[in-house]
Amino acid sequence: MKIEKSQIQENNKQEIASHKEGFDFLSNILVKKGLDVDAIINKIAAFQVAVPSWALGAGGTRFGRFSYYGEPASLEQKIDDIGILHALTQTAGAVSLHIPWDIPQDYKAIKELAASHNILFDAVNSNTFQDQKNAKESYKYGSLSNTAKAVRQQAIQHNREVIKIGEQLGSKSLTVWLADGSCFPGQNNFQTALQHTQDSLKEIYGTLPDDWKMFIEYKPYEPNFYSTVIQDWGTSFMLANACGEKAYTLVDLGHHLPNTNIEQIVSTLMLNGKLGGFHFNDSKYGDDDITVGSIKPYALFLIFNELVYGMQNNPQNPELSWMIDASHNIKDPLEDLIQSLDAIQEAYAKALLIDQDQLKIAQQENDVVQCQEILQNAYRTDVRPLLERARLNSGGVLHPLKSYRSLDVRKNLIKERGMNTVATGL
Ligand code: PSV
Ligand code: MN
């Protein structure tokens, strides 16, 4: 299913009057505060988030997988799904592929298809956390950190192949997430495992094309429950430094122990020019991979405050790769992704409203109350009319979720693909 321009226009026609009312009201308030509303809208419109190829089907828990039907059965269909998201939201202008779950069969055709939806290829992800069919070596006891050289070499080789796949698609970055670690005390020698990981990453880094980046993701636990080799941002930062200037840390919001101050991590990494990418999601307990902003929207806003500050003040940090990393156990994945994209844009827009000059003054004067007021004034502003205007200007719909439902997208996908297709991924 492809959403036509005429359908978008038809949907917007019905909503335009109430949008204008809401927008004018908000715009007047913001202009009185001295904000450049057009500039903010342009920034929101330019903010594109990559959709993970593994999040378009029903996500599994350890206990079950419940399909929403009409799942994409091929990479082509996954790209089509992202095309639907992008047509509606104008925010999902990229895809992040996981290899080998999504190896293109026909590169030319896939590139043409993606281009027809205005979708770019963001970071490619390697997978050394599952054994692949007919693989000689097993990752049961680790990949890049494994005690056996043959296993490490196989994992290094896989990453090189992923880079080659990405090169053919126009990707410019590789994300490495390792499940390596141990389940029981004494199982691993921490130093040996870390040293092997560093050496292996350096070998992968050695084959990275000049204009590529390598993102090193961290996570404190799971699937290993006692230790994880790259457990935190500090370890990732250290490894990125050991590899070189094209290596960066990737922050996945779900990869922190409860109550970790993620916004401070963001700020530290940007000051050091080492924040490369982001995996958005939300969580209550662990790496829950649920809808962005569904549990801790204020924390997300505080993270965006640091991101906006960093983007304005840290030229040493490169442009970031924005990606969602989610899993959909009970929702229609496309509806969930629309909600996530919206939450990301909303947090970004609110952070753009923060008066950084006033905040600086209040901080210098140690006016703690005023500092909080400045942040919360921005946070409490209903910025949805700004998001609507950004979408409208870019050719999207005013209300993506409403349009998704009124256009019967899922019903159409089920009609096209059938009930029992299963998307690749976890
Ligand atoms: C691991 O939990 C992770 O966050 C990594 O980014 C993986 O590539 C992705 O999820 C899918 O398993
Ligand atoms: Mn992730």
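The rules we used
Residues numbered from 1 in each chain as written. Chains lettered and ligands numbered in written order. Predicted model: local features only at pLDDT ≥ 70, side-chain atom pairs only at ≥ 80, totals over all residues. Helix = DSSP H or I, 4+ residues; strand = E, 2+ residues; numbered from the N terminus. Rg over C-alpha atoms; globule rule 2.2 N^0.38 Å. Buried ≥ 20, exposed ≤ 12 C-beta atoms within 10 Å, placed from the backbone. Pairing = 2+ DSSP bridges. Right-handed = clockwise from strand over helix to strand, strands pointing away.

This part covers the overall build of the protein chain. Across its full length, the protein chain carries 15 helices and eleven strands. Here the protein chain has a C-alpha radius of gyration of 22 Å; the compact-globule value for 426 residues is 22 Å, and the two agree. Principal-axis analysis of the C-alpha atoms gives the protein chain an extent of 65 × 60 × 40 Å. Out of the 426 residues belonging to the protein chain, those deemed buried represent 47%.

This part covers the pairing of strand S10 (residues 275–280). Within S10, six of the six residues are buried, which leaves the element mostly enclosed by the surrounding structure. Note that strand S9 (residues 247–252) and S10 share four bridges and pair parallel. Opposite Thr 249, over in S10, you have Leu 275 as the bridge partner. Note that the unit made of S9, helix H8 (residues 262–271) and S10 has a crossover that is right-handed. Sheet analysis places S10 next to strand S11 (residues 321–324), joined by four bridges and oriented parallel. Its bridge partner being in S11, Phe 280 is matched across the sheet by Ile 324. Taking the sense of rotation as the criterion, the β-α-β connection linking S10, helix H9 (residues 297–313) and S11 turns out right-handed.

Successive side chains on a regular strand alternate, one facing one side of the sheet and the next facing the other. For strand S7 (residues 213–217), the buried fraction is high: five of the five residues fall into the buried class. Neither face of S7 is exposed, since Lys 213, Phe 215 and Glu 217 on one face and Met 214 and Ile 216 on the opposite face are all buried. Across four bridges, strand S5 (residues 173–176) lies against S7 in parallel orientation. Note that in S7 the partner of Val 176 across the bridge is Ile 216. Pairing analysis gives four bridges linking S7 to S9, with the strands arranged parallel.

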